[in-house]
Amino acid sequence: MGRFYATTPIYYVNDVPHLGTAYTTIVTDAVRRFHQLVGDETFMLTGTDEHGQKIEREAKAASLEPKAFTDRISQRFREAWPRLDVHADRFIRTTDSDHEAFVAELWKKVEAAGDLYLENYEDWYCVGCESFKTEKELEPGNVCPLHKKPVERIKEETYFFRLSKWEKPLLDFYAAHPDFIQPVTRKNEVLAFVQGGLKDLSVSRTTFSWGIPVPGNPKHIMYVWFDALANYRSALGNGPLTRFWAPEAKVVHFVGKDILRFHAVYWPAFLLSAGFSREQIPATVFAHGFLTVDGQKMSKALRNAVDPLKIAEKLGPDVLRYHLLRAIAFGQDGDFDHAALLERYNADLGKNVGNLLNRVLGLCARNTDGKHPDDDVATDGPIEAELFNAYEQCVGAAFTNWQELAPHLALEQTMKLSSAANAYVDRAAPWNELKNGNTARVRKILSRLLRVLEAISVMLWPAMPAKADAMRAQLGLPPVRAAVGIDIWPMKMPSVRAGLALAPAGPLFPTFDEKQQKAILDELAPPKEPAVADPKPAAPSPGAGTGTGTGTDTGESAIVAYDDFAKVDLRVGVVKTCEKVPKKDKLLRLTVDLGEAEPRTIVAGLALSFTPEKLIGRKVIVVANLAPREFGSAEFDGKKVKLVSHGMLLASGPSEDLRLATIDGDAPPGARLK
Ligand code: MSP
């Protein structure tokens, strides 16, 4: 038992909470809950990252002062997480005055250590990453590989941080602390980066003002990452909470792989420079992978950013939490698929755990007066021994998995235990024992099962706190109550609770039949109207943000630079063939002549407005350089084929009354629009 301090990244307020940010936040909360179960004293931190050029520009685009803008979006994050049953101990904002004061002090310490110097600087900068880029890191056309946007040339006076001086100490530190960077594959990337040589880092800017002023030289504001990384320590202040930054505390930063370098290289270097000892550097930075949605990168352009709150509202936060924690191997990239979420819910929660609970409660209602039975007459047989072995193995492995930051494996073990208990019900066949009048044996069987169910309720709690407690209520037990210094992980099978009344309350995880699944999917992930430009909503959604990067589309049009617009290849096309897509009400599959060797196949959401005959021969406007997009599969002439669209038609209006964009006169197929 010890102290455990878990942090999420602080999120930029250029976007509202989406599935990606929810993912990190849910994992952090779940791991911290596991540590609560084992009696650790814990602290969890999340918050918002509010300074810097990116936010200043977003605020301007929204015609708001930066502070008013950040107040608005930060609040969205603050309100979102409790709705996913995430309860951090502090929600920090980099505009909080105690944070700003701490960062100024940190700067002074780094300066006193001789690690800052002023110089003129010129380099490429990606505002999306808030990071300088070397030419090597850029794609042709000086495009940032992450944001797919041209970087900017920056030339100004800047303070440099002597990162080069820390190269060797960092390498020594990594060698002495093999768990600092996880998982190992990511660690190797960081090692290679540092071994390749560290250049000094520009840590101040003069060409905008939204940030923390450099002490003694307010013409400069601090680099947003110097400011942001410090949140992990500033949040604890200088009082009693510093016990979470002491050598005996375990500090774990959960981050996405996109921001590992900042956490694993810059942050420890800043800390060492400011005089923190090696023991006061966090224990672990864990870089998880990125989520795609239904096989595609989440992006505003594709309008596919998933709103976690919508799922939580429909299915309860626990269902989303469970799926994210179980379906994605923590540390690897993963795909989020709405249909898979429902399938997993049915299989793991409905048919496995939920079924076990129902069966056992039903048997108890009929045979033990609705109470926990005793277990002191019949002796154990081989199947009890087998269940016991499965118990020891699963509970022990799940414990290690949580400790080693592998929630997907911990939950796999939890399900394995539930399957073993279901198998035990079948093999023990209490209904047969009853026929033979073996009531003592029936009591043993049910008592054993209730004890396993109690253990499962605890094992599920980090992932599904509300459902775990609801399960316990049916078992007649109080909610999980974690307390510092008391380890309640069920390493040993919970004791017999003879006489305690059960409180069955209907299925905890009612399964969804096909029709219900379809209805849920239609609501949560309505089929996109592919290959037809989706009209913007009439008015921006209230309180929504604007911005770049992944995230929910707020309905407000962002300004695009001419160069960006010029990348869109709009062409005149002529529809050659057109047919309805079986079983997809809205879709048509067309081939369109764009003056190329072969006509293009395009899948379009036009079927509610046009019959195929009405389209054949028509001139249309096509976005010709859109990445191919898949819309599941369909059967044509008894053959299942993938529906892949190689372009998008432009149209306007609601899906049942669409008007196609077209062109005057006789422009030939393939003519470019400019
Ligand atoms: N403000 C910085 C972090 C500063 S921490 C001192 C930042 N913010 S962010 O809003 O861009 O959020 C980044 C984090 O959100 C990622 O590191 C990752 O944890 C999470 N994710 C955002 N999109 C994601 C996916 N598509 N998939 C998984 N996680 C993603 O960077």
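What you are looking at is a predicted structure, and each value in this text was computed from that prediction instead of being measured.

1. What to know about the pattern of salt bridges
Thinking step 1. With the rule as written, the count across this model stands at 44 salt bridges.
Thinking step 2. Asp-380 serves as the salt-bridge partner of Arg-448, at 3.2 Å between the closest nitrogen and oxygen. One end of the pair, Arg-448, is in helix α16 (residues 439–460); the other, Asp-380, is in the loop between α12 (338–367) and α13 (382–403), with 68 residues separating them in the sequence.
Thinking step 3. For Asp-380, a relative accessible area of 46% corresponds to the partly exposed category.

2. Describing the side chain of Asp-227
Thinking step 1. With respect to the element layout, Asp-227 can be found in helix α7 (residues 224–229).
Thinking step 2. Buried and without a salt bridge, Asp-227 has Arg-90 as its closest oppositely charged side chain, separated by 11 Å.
Thinking step 3. A distance of 2.8 Å separates polar atoms of two side chains, one belonging to Asp-227 and the other to His-99.
Thinking step 4. Residues contacting Asp-227, with those up to four places away along its chain left out, are His-51, Thr-94, His-99, Val-103 and Ile-212.

3. Let's talk about the sheet that holds strand β9 (residues 204–205)
Thinking step 1. The strand order β9-β11-β10 describes an open sheet built from three strands, whose pairing is antiparallel. Strand pairing shows two members of the sheet lacking a second neighbour, β9 and β10 (213–214), which therefore form its edges.
Thinking step 2. Pairing geometry for β9 and strand β11 (residues 217–222), over two bridges, is antiparallel. Looking at the pairing, Ser-204 lines up with Met-222 of β11.

4. Quick look at the sheet that holds strand β5 (residues 131–133)
Thinking step 1. Reading across the sheet, the four strands line up as β5-β4-β6-β8 and stay open at both edges, with antiparallel pairing between neighbours. Sheet topology places β5 and β8 (201–202) at the edges, where each strand pairs with a single neighbour.

5. Some points on the nonpolar core
Thinking step 1. Formed by 169 residues in total, the largest nonpolar core has its most connected members in Tyr-5, Phe-161 and Trp-489.
Thinking step 2. The biggest single contributor to this core is α16, with twelve residues.
Thinking step 3. Tyr-5 has contacts with Phe-43, Leu-45, Tyr-232, Ala-235, Leu-236, Phe-244, Trp-245, Lys-250, Val-251 and Val-252, leaving out every residue within four places of it along the chain.
Thinking step 4. In this structure, Cys-578, Leu-594, Ile-602 and Val-620 belong to the second largest nonpolar core, which totals 19 residues.

6. With respect to the packing of helix α1 (residues 19–37) against helix α11 (residues 317–327)
Thinking step 1. As a packed pair, α1 and α11 sit with axes 10 Å apart at the nearest point and diverge in direction by 90°. Considering the angle they form, α1 stands roughly perpendicular to α11. Along its contact with α1, which presents Leu-19, Tyr-23, Ile-26, Val-27, Asp-29, Ala-30 and Arg-33, the element α11 presents Leu-320, Arg-321, Leu-324 and Leu-325.
Thinking step 2. Of the residues belonging to the contact of α1 with α11, the class tally is eight nonpolar, no polar and three charged.

7. Details of the site of the ligand
Thinking step 1. Around the ligand, the surrounding shell holds 23 residues, and the nearest of these are Ile-10, Thr-24, Asp-49, Asp-258 and Leu-291.
Thinking step 2. Separating an oxygen atom of the ligand from a backbone N or O atom of Tyr-12 is a distance of 3.0 Å.
Thinking step 3. One of the backbone nitrogen or oxygen atoms of Gly-256 is found 3.0 Å away from an oxygen atom of the ligand.
Thinking step 4. For the ligand, the protein covers 93% of the area, taking 660 Å² as the surface of the free molecule.
Thinking step 5. Elements represented by at least two residues in the shell around the ligand include exactly β1 (3–12), α1, α7 and α8 (231–234).
Thinking step 6. Of all the elements, β1 adds the most residues to the shell around the ligand, at four residues.
Thinking step 7. The residue makeup of the shell around the ligand, split by class, is twelve nonpolar, nine polar and two charged.

8. Overview of the state of the cysteines
Thinking step 1. For the structure shown, the criterion picks out zero disulfides.
Thinking step 2. We note that Cys-126 lacks a disulfide partner, and the nearest cysteine sulfur, in Cys-144, lies 3.7 Å from it.

9. Re the packing of aromatic side chains
Thinking step 1. By the definition in use, this model includes 31 aromatic pairs.
Thinking step 2. Every member of this aromatic cluster is reached through a ring pair, and the members are Tyr-5, Phe-43, Tyr-232, Phe-244, Trp-245 and Trp-267.
Thinking step 3. Positioned above the aromatic ring of Trp-124, the side-chain terminus of Arg-153 is 4.7 Å from the ring centre.
Thinking step 4. If you follow Arg-589 out to its NZ or CZ, it ends over the ring of Phe-636, 3.7 Å from the centre.

10. So, a nonpolar patch on the surface
Thinking step 1. Taken together, the side chains of Tyr-562, Phe-565 and Val-568 define a hydrophobic patch exposed on the protein surface, amounting to about 320 Å² of accessible area.
Thinking step 2. Along the chain, the position of Val-568 falls in the loop between α19 (562–566) and β17 (570–580).
Thinking step 3. Residue Val-568 is classed as partly exposed on the basis of its relative accessible area, which comes to 33%.

11. Thoughts on the pairing of strand β18 (residues 588–593)
Thinking step 1. Counting buried positions along β18 yields five of six residues, so the element is predominantly enclosed.
Thinking step 2. The pairing of β17 with β18 spans six bridges and is antiparallel. Bridge assignment links Lys-580 to a residue of β18, and that residue is Leu-588.
Thinking step 3. In this structure, β18 lies alongside strand β19 (residues 600–604), joined through five bridges in antiparallel fashion. Bridging from a neighbouring strand, Thr-591 pairs with Thr-601 of β19.

12. Observations regarding the pairing of strand β12 (residues 249–256)
Thinking step 1. The buried count for β12 comes to seven of eight residues, which makes it a mostly enclosed element.
Thinking step 2. As paired strands, β1 and β12 are joined by five bridges and run parallel to one another. Within β12, the position partnered with Ala-6 by the bridge is Val-252.
Thinking step 3. In this structure, β12 lies alongside strand β13 (residues 284–288), joined through five bridges in parallel fashion. Bridging from a neighbouring strand, Gly-256 pairs with His-288 of β13.

13. Considerations on α13
Every α-helix carries 3.6 residues per turn, so stepping three or four residues along brings you back to the same face.
Thinking step 1. With 22 residues, α13 should reach 32 Å at 1.5 Å per residue; the first-to-last C-alpha distance of 32 Å fits that figure.
Thinking step 2. Where α13 ends, the next residue or the one after it, Leu-405, has phi of about 60°, a positive value.

14. Here's the deal with the packing of α11 against helix α14 (residues 407–428)
Thinking step 1. Where α11 meets α14, the axes come as close as 7 Å, and the angle between the chain directions of the two elements is 105°. Classified by the angle their axes make, α11 and α14 are roughly perpendicular. Across the interface between the two elements, Tyr-322, Leu-325 and Arg-326 from α11 touch Pro-407, His-408, Leu-411, Glu-412 and Met-415 from α14.
Thinking step 2. The class makeup of the residues in the contact of α11 with α14 is five nonpolar, one polar and two charged.

Rules and cut-offs
- Residues numbered from 1 in each chain as written.
- Predicted model: local features only at pLDDT ≥ 70, side-chain atom pairs only at ≥ 80, totals over all residues.
- Heavy atoms only, no water.
- Salt bridge = Lys/Arg side-chain N within 4 Å of Asp/Glu carboxyl O.
- Helix = DSSP H or I, 4+ residues; strand = E, 2+ residues; numbered from the N terminus.
- Buried < 20%, exposed > 50% of the residue type's maximum accessible area, 1.4 Å probe, protein only.
- Lys, Arg positive; Asp, Glu negative; His and termini not counted.
- Polar contact = N/O pair within 3.5 Å; in protein donor to acceptor, adjacent residues only side chain to side chain.
- Contact = heavy atoms within 4.5 Å.
- Pairing = 2+ DSSP bridges.
- Core = buried A, V, L, I, M, F, W, Y, C linked by side-chain atoms within 4.5 Å.
- Axes fitted to C-alpha atoms, helices over the stretch in contact; angles between N-to-C directions.
- Parallel < 35°, antiparallel > 145°, perpendicular 65-115°, else oblique.
- Nonpolar A, V, L, I, M, F, W, Y, C, P; charged D, E, K, R; others polar.
- Near = heavy atom within 4 Å.
- Areas by Shrake-Rupley, 256 points an atom, 1.4 Å probe, with all protein chains shown as cover.
- Disulfide = S-S within 2.5 Å.
- Phe/Tyr/Trp six-rings, centres within 6.5 Å; stacked < 30°, edge-to-face > 60°.
- Lys NZ or Arg CZ within 6 Å of the ring centre and 35° of its normal.
- Patch = residues over 30% accessible without salt bridge, like charges linked within 9 Å, V, L, I, M, F, W, Y side chains within 5 Å.
- Expected span 1.5 Å × (residues − 1).

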